[in-house]
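This is what each chain is made of:
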Amino acid sequence: MMRQLRAEWTKFRTVRGWVTGMALAGGFIIAFGLFPGMQGTCTDNKCKLPTGPQGHLVTDRFEFAGQTLDGDGSLTVNVTSMTGELPPGPNAEQPRQGLTPWAKAGLIIKDGTKAGSPYAAIMLTGSHGVRLQHNYLYDQAGAGAASWLRLTRAGDAITGEQSADGTHWTKVGTVVLKGLPTKVQAGLFATSPQHSEASALLSSSGPSSVTATFRQVSQQGSWSGQLEETELTGSGDIGPLVSGSSGLGVSVTQALAGTFLGLVFAIVIGTTYVTSEYRRGLMRTTFSATPRRGRVLAAKAIVAGGATFVTGLVAATVAVVFGQKMLRDNGVFVHPVTTATEVRVIVGTAALLALCTVFGVAIGVLLRRSALAVTIGVTGIVLPYILAMSVLPDGAGRWLLSISPAAAFAIQQSAVEYAHVANNYIPTEGFFPLSPWLGFAVLAAWTAVAVGLAAVVISRRDA
Amino acid sequence: MRTAIHAEWTKLRTSPGTIWLLLAVIVSTVGVSALTTAAMTCVACGGDVLKTSLTGVQLGQAIAAIAGVLMMGTEYSNGLARLTLTAIPRRTRVLTAKALVLTAVLLVTSAAAVLGAFLAGRAILADNGFARLSISDGTVMRALVGSALYLTLIGLLGLGIATAVRSSAGAIGTVLALLFVFPVVSLAVSDPDWQRKLEQIGPTSAGLAIQASTNLSELPIKPWHGLGVLALWAVAGLVSGGLLLARRDA
């Protein structure tokens, strides 16, 4: 096998077109990554955002009526009404009456009023029922309808309860806020996030608001003052920051826009690596030297795939590391991601390109005609992506991005999806239907099928 | 010139793949349009119904490009180019003849493909509750004629690039990169000014402006101007191919 690998490597590195193509593929990925096309307004720390207790960037804006609670105690309230205003929809010009699904009103206990500080809150929502949330990332659902809410503090533990009538109470859950000081802020709050709507071909998004009426407020424990019955109108959110139309800024994936061009090169190289041997009759010599033809296929796949992987790895690293820096220098807000995510995006991009090359090798063997093979390879991967991003309605687009080779672009997703944060989690906003590695596995499966067929065909057919 | 055209027509007519490629242009255009329109549900019944029913052009263009590329590409891959140029030493005449034959064949094929896609899309969309489009409408007529011209121009672009590159794989790779990379990059770029600029110069995004029937004032480029941009791309491809062909060894 080493001999075949060496032979194929010699062929690969001595053909000028393939080496140039490889260099161009890497060059384009880097060039697109460093392309200074985007300008933002986040210079000089203007977009400094609060950080939550877990180190995530968070949104922490709400209307608050509270007092200081010293030590243990509890707060009970009857939320008698929640109304709200929505932004104009796809088919409407004027703001409309209504509640966005994640409009929130209820009780909150918080470690001071500094944005990003730890908290626990029980709330009624627009259409997700009673929820007990804490520290931005965590969310628990209550059971059934309720209009009465209670929040009780005992040491670090905070318990949320709900009731439909104010006499029969059901516990929603208990959460622990480690290191909560003795004196905390506690009271009533209301807030309502960005409202997004998507219909067949249109989508719209804008700020919403909620107005909640609080009655029969009762406090137990040592409070700095009495909480009055009141009405609060709020707009904003308490939760982790998301990218997309309801969020802010872009993700590191932005720096990898050149992947598509790199992918075309990868497929052309993979395909011609095989078809040119057939065209020039070199394949006969190759098969005479290595009569076990499966080995020839394997050697070609390893050499071409390996060369693309290394090129892709270098190019993606440069694009992500320096592209991100350039975007930030231009004042664009780039969502920070963990190093693990960054490594996954970079290695995943290289592996994606390598698989495309191997796919190209396999369809080159199957079709032996370069123009047809290249077209099938490129359109098979890129066209589903374009259709899902531009014309198809959300459901059909998600389906296409789950079964076609284009599913593999999920490996480049760095934006995080939170079930309890309102956002348009759709492909056009950078949210893929499959998880990164599952999406990648879809392309791997397509490639495996193509390579399997090629292995059968190459042994049975005259060269 | 007539002999050159006759020779090219004979070559195209007798090569076994031609008829399959042309059928594939029609089948893929109609097929993708039918599948896309079938996926549409009439929630608000908004959006560009006409453009949606012509989505198949996105796949049809790739095959039209192959037809253009192979017209020159096969000459180089099997050495026929030397014979052709011996028979007709005025090389630009060879390219002109190829371009004329390709234009005629692709115009007929793409007219059938676009009309088929429109009729299929209209029937399916009407079943899904969308408004029924009328073929006598000026916007509809412009989109249909424009889409047929669009497919033909993509084929000519393929021919020009194949003449310049002399390799089928390299040429089709270049054409597909031009067709697909502009839209993908403009999707990825979130800066609206750059997005607009890219959509004005990209062969696909500018050329397909001809299919638009709603929000015409918000298009990055006017419909016929957009098709003009694509025509410039095709002419640039053919001219650079012609210049290289005239000056280079075959």
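Residues numbered from 1 in each chain as written. Chains lettered and ligands numbered in written order. Predicted model: local features only at pLDDT ≥ 70, side-chain atom pairs only at ≥ 80, totals over all residues. Heavy atoms only, no water.

## Describing the domain arrangement of chain A
Residues and elements named next belong to chain A. Entries for chain A in the domain assignment read domain 1 (2–40 + 249–460) and domain 2 (58–240). Placing a centre on the C-alpha atoms of domain 1 and another on those of domain 2 gives a separation of 45 Å. Contacts between domain 1 and domain 2 engage 9 residues on the former and 14 residues on the latter. Considering only the surface of domain 1 that becomes buried against domain 2, His-420, Ala-422 and Asn-424 emerge as the three largest contributors, covering 59% of it. At the boundary of domain 1 and domain 2, one finds 0 salt bridges. For the pair domain 1 and domain 2, the number of links is 1 residue pair in polar contact (both at pLDDT 80 or more). Taken together, the residues that form the side of domain 1 that touches domain 2 break down as 6 nonpolar, 3 polar and no charged. (Domains from an automatic or database assignment. Contact = heavy atoms within 4.5 Å. Buried area = accessible area lost by both parts, 1.4 Å probe. Salt bridge = Lys/Arg side-chain N within 4 Å of Asp/Glu carboxyl O. Polar contact = N/O pair within 3.5 Å; in protein donor to acceptor, adjacent residues only side chain to side chain. Nonpolar A, V, L, I, M, F, W, Y, C, P; charged D, E, K, R; others polar.)

## Overview of the pairing of strand β4 (residues 104–110) of chain A
Residue and element names in this part refer to chain A. Most of β4 sits inside the fold, with 7 of its 7 residues counted as buried. Alignment of β4 against strand β5 (residues 119–125), held across 7 bridges, turns out to be antiparallel. Bridging from a neighbouring strand, Ile-108 pairs with Ala-121 of β5. One ladder, built from 7 bridges, connects β4 with strand β11 (residues 183–191); its direction is antiparallel. Within β11, the residue paired with Ile-108 across the bridge is Gly-187. (Buried < 20%, exposed > 50% of the residue type's maximum accessible area, 1.4 Å probe, protein only. Helix = DSSP H or I, 4+ residues; strand = E, 2+ residues; numbered from the N terminus. Pairing = 2+ DSSP bridges.)

## Here's the deal with the pairing of strand β15 (residues 230–234) of chain A
Residue and element names in this part refer to chain A. Alignment of strand β14 (residues 209–223) against β15, held across 5 bridges, turns out to be antiparallel. What sits directly across from Thr-213, in β15, is Glu-231. Taking the residues between adjacent antiparallel strands as the criterion, β14 and β15 are bridged by 6 residues.

## Things to note about the packing of helix α3 (residues 259–280) of chain A against helix α5 (residues 293–329) of chain A
Residues and elements named next belong to chain A. Relative to each other, α3 and α5 sit at 150°, their axes nearing to 10 Å. Classified by the angle between their axes, α3 and α5 sit roughly antiparallel to one another. For the crossing formed where α3 meets α5, the hand is right-handed. When α3 is examined against α5, the residues Ala-266, Tyr-273, Val-274 and Glu-277 are found in contact with a partner set consisting of Lys-300, Val-303, Ala-304 and Thr-308. (Axes fitted to C-alpha atoms, helices over the stretch in contact; angles between N-to-C directions. Parallel < 35°, antiparallel > 145°, perpendicular 65-115°, else oblique. Left-handed = near helix turned anticlockwise from the far one by under 90°.)

## As for helix α1 (residues 2–14) of chain B
Given 3.6 residues per helical turn, the α-helix brings residues three or four places apart onto the same face. All names here are of chain B. The end-to-end C-alpha distance of α1, which contains 13 residues, comes to 18 Å, matching closely the 18 Å that a straight helix rising 1.5 Å per residue would cover. Among the residues of α1, those classed as buried are Ala-4, Glu-8 and Leu-12. Along the axis of α1, the buried positions cluster into a sector of 65°, meaning they face one direction only. Of the residues in α1, the exposed ones pointing more than 90 degrees away from the buried face are Arg-2, Thr-3, His-6, Arg-13 and Thr-14. Taken together, the buried residues of α1 touch α2 (17–38), α4 (57–77), α5 (80–87) and α6 (91–127). (Expected span 1.5 Å × (residues − 1). Arc of directions from axis to C-beta.)

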